[in-house]
Amino acid sequence: MVRNVAGLLPELEAEDYYLLSGVEQGMRFSEWVQRGKLPKFSNLTEEEVDYRLERCLERGLVEKKTIQYEGYTLQFEGYDTLALRALVERDTISEFGVPLGVGKESDVYEVKSYKPHALKYHREGYTNFREVHKERDYTSDNDHVSWMYTARKAAEREYDILEELYPDVSVPRPIDQNRHAIVMEKMDGVELSQTKLEADQVLGVLDLLLSEVANAYANGYVHADMSEYNVFVSEEGVKIFDWPQAVPTDHENAAEFLRRDLRNIVGYFRRKYPQHVPDDIATDELADSVADESFVTVTNLGA
């Protein structure tokens, strides 16, 4: 888990951000930015660069490495700091709260402005960059990428998809985005994996979830990574989150991803509630009904 940098913002000075932004700019060309190029990238003097580097190194915002040259790279904490400062300056965030979830590819915190929101930092590629770079469409065609680029593109992609789907599909309302960070509405309810449904709720919740998958398809997207870990259940219904890997419905593998999503959803309900979910739900038939926009409910499909 990358540590929370919110407490650092008050002690950092404008020149510290110039230095961090300079390293960020240099990383567009190389993972390790030569020390000699930092004055140009940051618009600071040689002496000021030395002083700011020391401050940022002490705070774990940058890392130093001597290879053929003295080079510097942003730590995720440094990238977090740049994104968080931008969101604060835009008045998107006024207070930073508790962690809401920590995952392999993201960290989520409660934040506040006029009401509670959720701040999601994308972490794609930080610990397993090569695998993510190979699998994700938004990086696979770019030869010069880094964890920073991968995480930023994931955030941009997810934010754009949320804007396209909301409010027609039950997804978190997108509020703002900067670099690898997204601010969205804080979701009410409980993650599906942690929910214990009553007997008379099981098929109703399953139908709600399948209906939202159908709504997303009708609005042009297949989630492509559906599981019990990216659905929230509340008294108002269900909400699907984590959309950076979604594909448009005209993608060459959209049909395959749709079938896999439906198998995952139905399979989870079947395993957890075997006495309430029939064994003969045909996910291929479900997928066909979603694709031709004839889906109504799992019950009406003869399950």
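Look up: the structure comes first, before these words.
Since the model is a prediction, treat every value here as computed from it, not as a measurement. Sequence positions are assigned chain by chain, starting from 1 and proceeding in written order. Totals for whole chains, interfaces and linings use every residue, but because this is a predicted model, local features are given only for residues with pLDDT of at least 70 and side-chain atom pairs only at 80 or more, for both listing and counting. Excluding hydrogens and water, the side-chain values take into account all heavy atoms of the structure.

Draft legend 1. Fine view of the sheet that holds strand E2 (residues 62-66). Pairing within the open sheet is antiparallel, and its three strands lie in the order E1-E3-E2. The outermost strands of the open sheet, each flanked by one partner alone, are strand E1 (33-34) and E2. Across five bridges, E2 lies against strand E3 (residues 70-74) in antiparallel orientation. Looking at the pairing, glutamate 63 lines up with threonine 73 of E3. Note: two strands are recorded as paired if DSSP finds a minimum of 2 bridges between them. Think of it this way: any DSSP run of H or I at least four residues long counts as a helix, any run of E at least two long counts as a strand, and we number them from the N terminus.

Draft legend 2. How the structure looks around the pattern of salt bridges. Whenever Lys or Arg places a side-chain nitrogen within 4 Å of a carboxyl oxygen from Asp or Glu, that contact is recorded as a salt bridge. By the definition in use, this model includes 23 salt bridges. Between arginine 52 and glutamate 15 there is a salt bridge whose closest N-O contact spans 3.7 Å. Taken together, the residues arginine 52 in helix H3 (residues 46-58) and glutamate 15 in helix H1 (residues 14-26) connect sequence positions 37 residues apart. Residues glutamate 110 and lysine 186 are paired through a salt bridge, measuring 2.7 Å at the closest nitrogen-oxygen approach. With glutamate 110 in strand E5 (residues 106-112) and lysine 186 in the loop between strand E8 (181-185) and strand E9 (190-191), this residue pair connects regions lying 76 residues apart in the sequence. Using a relative accessible area of 32% as the deciding quantity, one classes lysine 186 as partly exposed. A cluster of three or more residues bridged by salt bridges with shared partners is formed by Glu13, Glu15, Asp16, Glu48, Arg52 and Arg55. Only protein chains enter the accessibility calculation, which uses a 1.4 Å probe. A residue is then buried if its area is under 20% of the maximum for its type, exposed if over 50%, and partly exposed in between.

Draft legend 3. Representation of the packing of aromatic side chains in the model. Note on aromatic contacts: the rings of Phe and Tyr and the six-membered ring of Trp form a pair at centre separations within 6.5 Å, being stacked when their planes are under 30 degrees apart, edge-to-face when over 60 apart, and tilted otherwise. Overall, the coordinates contain eight aromatic pairs when judged by the stated rule. For the pair phenylalanine 96 and tyrosine 109, a centre-to-centre distance of 5.0 Å together with 50° between the ring planes defines the contact as tilted. Residue phenylalanine 96 is found in strand E4 (residues 95-102), and its partner tyrosine 109 is found in strand E5; the two are separated by 13 residues along the sequence. Given the relative accessible area of 2%, tyrosine 109 is considered buried. Look at phenylalanine 269 and tyrosine 273: their rings are 6.1 Å apart centre to centre, the planes differ by 40°, and that puts the pair in the tilted class.

Draft legend 4. Broad picture of the nonpolar core. In this description, a nonpolar core means a group of buried Ala, Val, Leu, Ile, Met, Phe, Trp, Tyr and Cys residues linked to one another through side-chain atoms lying within 4.5 Å. Membership of the largest hydrophobic core comes to 42 residues, with the highest contact counts inside it found for Leu209, Val231, Trp243, Leu258, Ile265 and Phe269. Counting only elements with at least two residues in this core, the list comes to helix H7 (147-165), helix H8 (202-218), strand E10 (221-222), strand E11 (231-234), strand E12 (237-240), helix H9 (254-272) and helix H10 (283-291). For each domain, the first and last residues come from an automatic or database assignment. Composition of this core by domain shows at least three residues from each of domain 1 (6-185) and domain 2 (190-292). Counting 38 residues, the second largest nonpolar core, distinct from the first, contains Leu8, Val23, Tyr79 and Val183.

Everything listed is a geometric property; what it means functionally is a separate question.
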